[in-house]
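Tertiary structure, described
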Amino acid sequence: MPRLIILGRSGQLATELLRQAPQAGWEVEPLGRDGADFTDPLACAEALGARLPADAVINAAAYTAVDQAEREEALAHTINAETPGRLAALCAGRNVPFLHVSTDYVFDGRKPSAYVETDPTAPQSAYGRSKRAGEIAVEDAGGLTLIARTAWVYSAHGHNFVRTMLRLGADREVLRVVEDQLGCPTAADELARCLLVAARAMSKGESAGGLYHLAGAGETSWAGFAEAIFALAGSHWKRRPAVTPIPAAEYPTPARRPANSRLDSSRFEAQFGTRPEAWQASLPGIVQKILTSEK
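So, a few notes on the structure that sits alongside this text. The residue count restarts for each chain, going from 1 along the sequence in the order it is written. Note on the predicted model: pLDDT of at least 70 is required for a residue's local features to be given, and 80 or more for side-chain atom pairs to be given and counted; whole-chain, interface and lining totals, by contrast, use all residues. Note: side-chain values were computed over all heavy atoms of the structure, leaving out hydrogens and water.

So, on to helix H3 (residues 73–93). Put simply, DSSP marks the helices as runs of H or I at least four residues long and the strands as runs of E at least two long, and each gets a number from the N terminus on. Expected helix span is computed as 1.5 Å times (number of residues minus one). Helix length check: H3 (21 residues) gives 29 Å between terminal C-alpha atoms against 30 Å at 1.5 Å per residue, within 8%. Relative accessibility under 20% of the residue-type maximum defines a buried residue, over 50% an exposed one, and the middle range a partly exposed one, all with a 1.4 Å probe and only protein chains included. For H3, the set of buried residues is Ala76, Thr78, Ile79, Asn80, Ala81, Thr83, Pro84, Gly85, Leu87, Ala88, Leu90 and Cys91. Any two residues whose heavy atoms approach within 4.5 Å at even a single point are treated as in contact. Next to the buried residues of H3 lie strand E1 (3–7), helix H2 (41–49), strand E3 (56–59), strand E4 (98–103) and helix H4 (126–140). Of the residues trailing H3, asparagine 95 is marked for its positive phi of about 60°.

Printed below as a string of structure tokens:
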């Protein structure tokens, strides 16, 4: 049975990878914060090195506090760039495929259509800069690497937009939600499934990896996403909160968000024969899980 090391344990993606990998035929070992200090690149590499060899490593650990990163850019850079670069170099030296997850925040959001992998990057936030630096560090490490940019990740657990909307909508009649930021919501379970497909192909020598976009099919705004969430929750609540669309300028945040986060995932689909399903197909099951678990 092929052996997979997952960096991270409790985040949305790591949780799904740990759930799905055994079902997909992997022997799995997680390496979370209890076993590795991701703020110390050398110590983290030592912890990973002690667990090699493996058939693949997926890095699902990251600094994801987007607004807080404006105050902690050095820490975000260490976790999102220096440590992944060190781990990727270690895996390159051991001939182990290394899969790393990045973000739509590497773009400035000004493109009028979906971003492809060859579009120039121009991160507008500390978080985005740290993730772009991580991409460069992983690429520079050499070896067999795959970088997957994703966006608007949601699941039945962790911190995400769907869970926030359901929490707020349970008590409020009206919510003001940004309408002029567009993206491709991505279910964490679908993202995990696709990464496991890519990891298996790389472990078999069927793919050399590379840079890919990996986001849910379909697109919407935050306001449109909220409307869809409340439409599904309405039958459970016997009521439906109203959504008032607002411009991003009326909801200022420390970190600047891309106005356009849409990612074209056709390159990944062409290489690996799959991609995350449409958010409209993934959302109902996740909303149901959240509402059922809160009973």
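On the secondary structure map, asparagine 59 appears in strand E3. There is a polar contact of 3.0 Å between the side chain of asparagine 59 and the side chain of histidine 100. Other than its neighbours up to four places away in sequence, asparagine 59 contacts Leu7, Pro84, Phe98, Leu99, His100 and Val101. Each polar contact in these results corresponds to two N or O atoms within 3.5 Å; when the atoms are within protein, one needs to be able to donate a hydrogen and the other to accept it, and residues that are neighboring in sequence are counted only if both atoms are side-chain atoms.

Attention shifts here to the packing of aromatic side chains. Pairing of aromatic rings covers Phe, Tyr and Trp, the last through its six-membered ring, and needs centres within 6.5 Å; plane angles under 30 degrees mean stacked, over 60 mean edge-to-face, and all others mean tilted. A complete count under the given rule lists 11 aromatic pairs for this structure. Look at tyrosine 212 and phenylalanine 268: their rings are 5.7 Å apart centre to centre, the planes differ by 90°, and that puts the pair in the edge-to-face class. Of the two residues, tyrosine 212 sits in strand E10 (residues 210–213) while phenylalanine 268 sits in helix H8 (residues 266–272), which places them 56 residues apart along the sequence. As far as the burial class goes, tyrosine 212 and phenylalanine 268 line up, both buried. When the centroid spacing of 5.4 Å and the interplanar angle of 80° are considered together, the rings of phenylalanine 225 and tryptophan 279 count as edge-to-face. Of the two residues, phenylalanine 225 is situated in helix H7 (residues 222–237) and tryptophan 279 in helix H9 (residues 279–293); the sequence distance between them amounts to 54 residues. Overall, phenylalanine 225 belongs to the buried group, its relative accessible area being 1%. Members of the aromatic cluster, each reached through a chain of ring pairs, are Trp152, Tyr154, Phe161, Trp222, Phe225 and Trp279. Here, a charge over a ring is recorded when the distance from Lys NZ or Arg CZ to the ring centre is within 6 Å and its angle to the ring normal is within 35 degrees. Sitting over the ring of tryptophan 26, arginine 200 keeps its end group 4.6 Å from the ring centre. For arginine 267, the ring lying beneath its charged end belongs to tyrosine 212, and the centroid distance is 4.4 Å.

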